[in-house]
Amino acid sequence: MAHGAQGGHGGDSGKKKSKEDSLPYVIGSSVSGILEVIIFHPIDTIAKRLMSNTTAIFQSGAPRRENMARLNQVLFRKDVDRGFFGKWLSLFPGVSFGAVYKILQRTYKFGSQPILTPVITERYGTWFDHKFGRNSKDMQNAVSGALVGMGEVVLLPLDVLKIKSQTNPGLCFF
């Protein structure tokens, strides 16, 4: 059966997606955002602190203990003398911005594309079939992804606030 042979809808898109079909995408993407923040925020903080550091950490000829002390100072800043748990908590500045950004980003990115693609297919499927033939479905997914990606730019200020909180200790609001 050729594309477009189903009464104006592109490909096999004759069935409509229900809210129940999209709910697992939204929930799954939200959970992935939460897990990403919990697992990777401390790693991201370490990376940002190392990148923004302007002093030499490891000096040749210096005792290993002094080099490690300088590294700890860069990584844990004012919490350098705290215990393991205190140091670990010090790696979460800006986590509120990071959490809001990542959860919204993942939910928007992975939750909205499965909702948007059927809308594009329903409204423009015949046009895509005519213009792209057997690549119609791929192009519809590409357009859907591009539209979602353009909208994602709105969330970038939250990421900037997270980065500023990670590298400027006085800027932490939460």
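Whatever comes next refers back to the structure up there.
Residues numbered from 1 in each chain as written. Predicted model: local features only at pLDDT ≥ 70, side-chain atom pairs only at ≥ 80, totals over all residues. Heavy atoms only, no water.

A. Here's a closer look at the nonpolar core. Counting seven residues, the largest nonpolar core consists of Ile 57, Leu 71, Val 74, Leu 75, Phe 76, Val 80 and Leu 91. For Leu 75, the residues in contact, after removing those within four places along its chain, are Ile 46, Arg 49, Leu 50 and Leu 91. (Core = buried A, V, L, I, M, F, W, Y, C linked by side-chain atoms within 4.5 Å. Buried < 20%, exposed > 50% of the residue type's maximum accessible area, 1.4 Å probe, protein only. Contact = heavy atoms within 4.5 Å.)

B. Seen up close, the pattern of salt bridges. Inspection of every chain in the model, using the stated rule, returns seven salt bridges. Residue Arg 82 pairs with Asp 79 through a salt bridge whose shortest N-O separation is 3.3 Å. Accessibility expressed as a relative area gives 44% for Arg 82, which makes it partly exposed. On the accessibility criterion, Asp 79 (12% relative accessible area) is buried. Members of the salt-bridge network, linked through shared partners, are Asp 44, Lys 48, Asp 159 and Lys 162. (Salt bridge = Lys/Arg side-chain N within 4 Å of Asp/Glu carboxyl O.)

C. Structural detail: the packing of aromatic side chains. All chains considered together, the criterion is met by five aromatic pairs. With centroids separated by 6.0 Å and ring planes inclined at 75 degrees, the aromatic side chains of Trp 127 and Phe 132 adopt a geometry described as edge-to-face. The partly exposed category is assigned to Trp 127, whose relative accessible area is 45%. Since its relative accessible area comes to 30%, Phe 132 is described here as partly exposed. An aromatic cluster is built from Phe 85, Trp 88 and Phe 92, whose rings are joined through pairwise contacts. (Phe/Tyr/Trp six-rings, centres within 6.5 Å; stacked < 30°, edge-to-face > 60°.)

D. Examining a nonpolar patch on the surface more closely. Together, Leu 23, Ile 27, Val 31, Ile 34, Leu 35, Ile 38, Ile 39, Phe 40 and Ile 43 give the surface a local cluster of nonpolar side chains, amounting to about 830 Å² of exposed area. By the element assignment, Ile 38 lies in helix α1 (residues 19-52). (Patch = residues over 30% accessible without salt bridge, like charges linked within 9 Å, V, L, I, M, F, W, Y side chains within 5 Å. Areas by Shrake-Rupley, 256 points an atom, 1.4 Å probe, with all protein chains shown as cover. Helix = DSSP H or I, 4+ residues; strand = E, 2+ residues; numbered from the N terminus.)

E. Seen up close, helix α5 (residues 136-152). Over its 17 residues, α5 runs 24 Å from end to end, which matches the ideal 24 Å to within 8%, given 1.5 Å per residue. Within the sequence span of α5, burial applies to Ser 136, Gln 140, Ser 144, Val 148 and Glu 152. Angularly, the buried residues of α5 cover 160 degrees about the axis, an arc narrow enough to put them on a single face. Those residues of α5 that are exposed and angled more than 90 degrees off the buried face are Asp 138 and Met 150. Looking at the packing, one finds that the buried side of α5 touches α4 (95-132) and α6 (156-167). (Expected span 1.5 Å × (residues − 1). Arc of directions from axis to C-beta.)

F. Molecular detail of the packing of α4 against α6. Closest axis-to-axis distance for the α4/α6 pair is 8 Å, and the angle between their directions is 150 degrees. When the interaxial angle is binned, α4 and α6 end up roughly antiparallel. The interaxial crossing formed by α4 with α6 has left-handed handedness. Contact residues: Phe 97, Gly 98, Val 100, Tyr 101 and Leu 104 in α4; Leu 156, Leu 158, Asp 159, Leu 161, Lys 162 and Ser 165 in α6. (Axes fitted to C-alpha atoms, helices over the stretch in contact; angles between N-to-C directions. Parallel < 35°, antiparallel > 145°, perpendicular 65-115°, else oblique. Left-handed = near helix turned anticlockwise from the far one by under 90°.)

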